[in-house]
Amino acid sequence: MARPTLIVPALLLAGWATIAPGVPQQQQQQPPAPQQVPEVSFTIRGGPGTAPHFAVPDFLALTSDAETVAAAKTMGQVLWDDLQFEREFDMIPRDVYASIPVARSVTDVPFDRWRELGADGVVIGTVQRVGTGMRVEMRLYDVQSRRAALSKQYDQGASPGAPVNPRLFAHTIADEIFQQQRNLRGVARTKIAFDSNRDAERVGGTIEQRQAKEIYICDYDGANQRRITVSRTLSITPDWSPDGRAIAYTSYARGFPDIFISFIYQGILQRPTQGKGQSFLPAYSPDGKQIAFTSNRDGNDEIYVMNADGSNVRRLTHNPAIDVSPTWSPTGLQIAFVSDRSGAPQIFTMSADGTDQRPLTHESYCDRPTWSPAPYNEIAYASRTSPGGFDIKIVNLDNMQISQVTFGQGSNESPAYAPNGRHLVFMSTRGGGRQQLYSVGRDGRDLRQLTKVGANFMPNWSQ
Amino acid sequence: MQTRSATGVAAVFILTMALAMGACGKKTSPVVRPMPEPSLPAATPAPAPTPTPPQPVTEQPIVPPEPVAEASIDSKPLDELNREGLLKPVFFELDASDLSSDAQQALNQNAALLKEHSTWAITIEGHCDERGTAEYNLALGERRAVAARTYLVSLGIAADRLHTVSYGKEFPFDPAHTESAWAKNRRAHFVITAK
């Protein structure tokens, strides 16, 4: 699982910090700024051939105000969930050690009790109020040697409209632990965009009762669900820009599908396709400089690529069939898409300049390819597996082997990869008929339901 | 909704014919007299667009509330025209956009109406059922709308009066998960947008 570091935590945090100032519309969370505490970096090991057992008790509130006390409890739980998500550590259930007294400080830890419990590593954290903000200190201890493998202190100041977010401290700690212990890019601070009809607002200008769909975002675990469009019509198929600052989507605000880009922290809306024909299903290239999309501007639905500002539009497909649903390879050199040129919709691949178009799937009906990030070289997609139902499958591009992720529970569509390639988010009608979003490991394990309100569609995972 | 609007149209038609026949037969100018207040239960608000139900025609010709059918269509607001469903929807088979003979018949009727009302502009909405994927359906709905549009153009309707838009499976007409609901949802739906 270990792979070369793509982004070091410091860079990630620096990136967040530069976003933080000037956030008029959305409440961009200012991340905790880490402060280095002297540490000896090493990897905590489990028994031979087993993952290390980790425990995360409640953090200790050093100030007794209600917000800090609540934050301490939240951080322990959220951090445990985050660490469980990648299945790199064997997380000991939290109720097992509810009786172990909370550490009085990050250096005063009842190691014997943790050893009795069989923990190899334990995360001890403290929270205190500092001015209007919060300070969190943490240690990841190796229980055997009683040494800290990771020690960090984080400060986050509150600003008007951006209260301290305890979950973000936990997510930041989790990602640092993955990076340091596993050289793995965690996804605890990533977000998911989707569309939803949950506000049950009626679309205007039509005699039918039609419910609007708006774009929403939430944390990777489904927390903090927030609406980001006010269109009172269809706003669907969101796609994150690689830098996480913008979401491109399909908007019917002008009465027909067109591509809009919302810079969610600045409140700027751009319309790169300018209503030239009808355009939908935008997909940012990995470097964020280009957008692939589908348009009927030349009379038939074809795949096009444009610069993100709408300039330099190139048409990539030329045939009377439907060509739709583009997705980029992680290098940006190839695009996979869906075409019904051979009858039923199937997935094809081509070079990013439109040459070398070739079929990839030969099934009953396939749609919504989504190319995995490295190191995996695979494409996930929705495949019809029953008359009215789809399942999520993955085709390995090295050996063309197909694996199945879902198995006929409801209809499962629109898969999107997490930026580390280890998870997928998709929409499913399992559990009652209305579409909800679920995350799942690429091996089909660890299914988590992310949404419950209204019906929710077409998820996309931020970088 | 559909059946009720159809009944409404039929009612207007019958009233108009009754008036025309009465006028012709007797060769006297029709007597205009106020319509009696419809006696409705107090709590029920009178639905504005519903024409007075036809009463048995005896010796007195019945005077419709509006002058005549032609004028009445042209003076109605768009929403009301669309509610009456004058332009017939066209239905499709699963995963298909071919026009069946029923579909062509509906389009023939729509074309006749569009020729009669040469100022109307319409939007043809393409819709799909939930058994296709959301993304591909956005394209399939467009193909269905274009199929209807192409046929209307072949019947002599000016292309610039006919706009198309696909809603994929985003706006089902019947949200149920049944064969009959799916059949209703695979359609080209016509909306008068200007007159």
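Residues numbered from 1 in each chain as written. Chains lettered and ligands numbered in written order. Predicted model: local features only at pLDDT ≥ 70, side-chain atom pairs only at ≥ 80, totals over all residues. Heavy atoms only, no water.

Brief notes about the overall build of chain A
In step 1: Helix and strand counts for chain A stand at four helices and 31 strands.
In step 2: Considering only contacts within chain A whose residues lie at least 6 apart along the sequence, 47% involve residues at least 24 apart.
In step 3: Averaging the positions of the 46 positive and the 46 negative side-chain charges in chain A gives two centres separated by 2 Å. (Helix = DSSP H or I, 4+ residues; strand = E, 2+ residues; numbered from the N terminus. Contact = heavy atoms within 4.5 Å. Lys, Arg positive; Asp, Glu negative; His and termini not counted. Charge placed at Lys NZ, Arg CZ, Asp CG, Glu CD.)

Remarks on the overall build of chain B
In step 1: Helices and strands together make up the secondary structure of chain B, namely six helices and four strands.
In step 2: For chain B, the sequential pattern of α-helices and β-strands runs α-α-α-β-α-β-α-β-α-β.
In step 3: The buried share of chain B, taken over its 195 residues, is 43%.
In step 4: Partitioning the intrachain contacts of chain B with sequence separation of at least 6 by distance along the chain shows that 76% fall at a separation of at least 24.
In step 5: Split by element, the accessible area of chain B, about 10,500 Å² in all, is 61% carbon and sulfur. (Buried < 20%, exposed > 50% of the residue type's maximum accessible area, 1.4 Å probe, protein only. Areas by Shrake-Rupley, 256 points an atom, 1.4 Å probe, with all protein chains shown as cover.)

Things to note about the interface of chain A and chain B
In step 1: Each partner contributes residues to the interface: chain A has 39 residues there, and chain B has 28 residues.
In step 2: With both sides pooled, the region where chain A packs onto chain B buries about 2,600 Å², and carbon together with sulfur makes up 54% of that total.
In step 3: The largest share of the area that chain A buries against chain B comes from I207, R210 and I322 of chain A, three residues that together contribute 24% of it.
In step 4: Joining chain A to chain B, the criterion identifies six salt bridges.
In step 5: Run the count over chain A and chain B and you get 17 residue pairs in polar contact (both at pLDDT 80 or more).
In step 6: When contributions to the side of chain A that touches chain B are tallied by element, the ones reaching two or more residues are β11 (235-240), β15 (279-284), β19 (323-328), β23 (366-371), β24 (378-386) and β27 (412-417) of chain A.
In step 7: Here the side of chain A that touches chain B is built from residues that sort into 21 nonpolar, nine polar and nine charged. (Buried area = accessible area lost by both parts, 1.4 Å probe. Salt bridge = Lys/Arg side-chain N within 4 Å of Asp/Glu carboxyl O. Polar contact = N/O pair within 3.5 Å; in protein donor to acceptor, adjacent residues only side chain to side chain. Nonpolar A, V, L, I, M, F, W, Y, C, P; charged D, E, K, R; others polar.)

Some words on the sheet that holds β24 of chain A
All names here are of chain A.
In step 1: Read from one edge to the other, the open sheet built from four strands follows the order β23-β24-β25-β26, with strand pairing classed as antiparallel. Each of the sheet's edge strands pairs with one partner strand only, and the pair in question is β23 and β26 (402-404). Along the sheet, successive strands turn relative to each other by an average axial angle of 30 degrees, direction set aside. (Pairing = 2+ DSSP bridges. Axes fitted to C-alpha atoms, helices over the stretch in contact; angles between N-to-C directions.)

Considerations on the nonpolar core
In step 1: The biggest cluster of nonpolar side chains holds 95 residues, and the ones touching the most others in it are F59, L83 and I177 of chain A.
In step 2: Counting residues in hydrophobic clusters, the runner-up holds 25 residues, among them A106, A147, A148 and I192 of chain B. (Core = buried A, V, L, I, M, F, W, Y, C linked by side-chain atoms within 4.5 Å.)

Comments concerning the packing of aromatic side chains
In step 1: As enumerated under the stated definition, the model contains 14 aromatic pairs over all chains in all.
In step 2: Over the ring of Y167 of chain B we find R210 of chain A, and its NZ or CZ is 5.3 Å from the ring centre. (Phe/Tyr/Trp six-rings, centres within 6.5 Å; stacked < 30°, edge-to-face > 60°. Lys NZ or Arg CZ within 6 Å of the ring centre and 35° of its normal.)

A few points about unusual backbone geometry
All names here are of chain A.
In step 1: Backbone torsion omega between A374 and P375 reads 10 degrees, so that peptide bond is classified as cis.
In step 2: You will see that R146, though not glycine, has its phi angle at about 60 degrees, which is positive.
In step 3: Structurally, R146 is set in the loop between β6 (133-142) and β7 (147-156).
In step 4: Owing to a relative accessible area of 41%, R146 belongs among the partly exposed residues under this scheme.
In step 5: Its identity is not glycine, yet A200 carries a phi of approximately 50 degrees, on the positive side.
In step 6: Tracing the chain through its elements places A200 in the loop between β8 (191-196) and β9 (214-219).

Description of the pairing of β6 of chain A
Residue and element names in this part refer to chain A.
In step 1: Most of β6 sits inside the fold, with nine of its ten residues counted as buried.
In step 2: Here strand β5 (residues 121-130) runs beside β6; their pairing, made up of ten bridges, is antiparallel. Residue pairing across strands places V123 opposite L140, the latter belonging to β6.
In step 3: Linking β5 back to β6 in an antiparallel pair, the connection comprises two residues, with G131 at a positive phi of about 65 degrees.

Some thoughts on the sheet that holds strand β1 (residues 90-91) of chain B
All names here are of chain B.
In step 1: Strand order in this open sheet of four strands is β1-β4-β2-β3, and the pairing throughout is mixed. Of all the strands in the sheet, the pair left with one neighbour each is β1 and β3 (162-166).
In step 2: Pairing between β1 and strand β4 (residues 187-194): two bridges, direction antiparallel. If you follow V90 over to β4, its bridge partner there is A188.

Observations regarding the pattern of salt bridges
In step 1: With the rule as written, the count across this model stands at 41 salt bridges over all chains.
In step 2: In this structure, the salt-bridge partner of R143 of chain B is D340 of chain A, at a minimum N-O distance of 2.9 Å. In this pair, R143 of chain B is assigned in helix α5 (residues 134-154) and D340 of chain A in the loop between β20 (334-339) and β21 (346-351), connecting two distinct chains.
In step 3: Judged by its relative accessible area of 6%, D340 of chain A is buried.
In step 4: Between R384 of chain A and D95 of chain B there is a salt bridge, with its nearest N and O atoms 2.8 Å apart. Residue R384 of chain A is found in strand β24, and its partner D95 of chain B is found in the loop between β1 and α4 (101-116); the two belong to separate chains.
In step 5: Ionic contacts of the salt-bridge type, sharing partners, join the residues D199, E201, E214, R227 and R232 of chain A into one network.

So, the packing of helix α2 (residues 66-85) of chain A against helix α4 (residues 166-182) of chain A
All names here are of chain A.
In step 1: Packing of α2 against α4 brings their axes to within 8 Å, and their N-to-C directions diverge by 35 degrees. Viewed along their axes, α2 and α4 form a crossing whose handedness is right-handed. For the pair formed by α2 and α4, the contact residues are A71, T74, M75, V78, L79, D82 and L83 on the first element and P166, R167, F169, A170, H171, I173, A174, I177 and F178 on the second. (Left-handed = near helix turned anticlockwise from the far one by under 90°.)

A short note on the confidence of the model for chain B
All names here are of chain B.
In step 1: Residues with a pLDDT of 70 or more make up 62% of chain B, whose mean pLDDT is 77.
In step 2: Of the regions scoring below 50 in pLDDT, residues 1-69 engages in 33 contacts with residues more than four places distant in sequence or in other chains.
In step 3: Taken together, the chains of this predicted complex give a pTM of 0.83 and an interface ipTM of 0.89. (pLDDT = per-residue confidence, 0-100.)

What about the environment of T294 of chain A?
Residues and elements named next belong to chain A.
In step 1: Along the chain, T294 falls in strand β16 (residues 290-295).
In step 2: Expressed as a C-alpha distance, the spacing of T294 and D323, which sit 29 residues apart in the sequence, is 7.2 Å.
In step 3: In contact with T294, not counting residues within four places along its chain, are Q278, S279, F280, L281, D301, E302, I303, D323, V324, S325 and P326.

Notes on the side chain of T233 of chain A
In step 1: Turning to its location among the elements, T233 of chain A is positioned in the loop between β10 (226-227) and β11.
In step 2: Apart from residues no more than four positions distant in its own chain, T233 of chain A is found in contact with V203, A212, K213, E214, Y252 and A253 of chain A.

A closer look at the pairing of β7 of chain A
Residue and element names in this part refer to chain A.
In step 1: Most of β7 is tucked away, with nine of its ten residues classed as buried.
In step 2: Where β6 and β7 come together, nine bridges link them in antiparallel fashion. Bridged to M138 within β7 is K152.
In step 3: In this structure, the hairpin formed by β6 and β7 is closed by a connection of four residues, where R146 is found at a positive phi of approximately 60 degrees.

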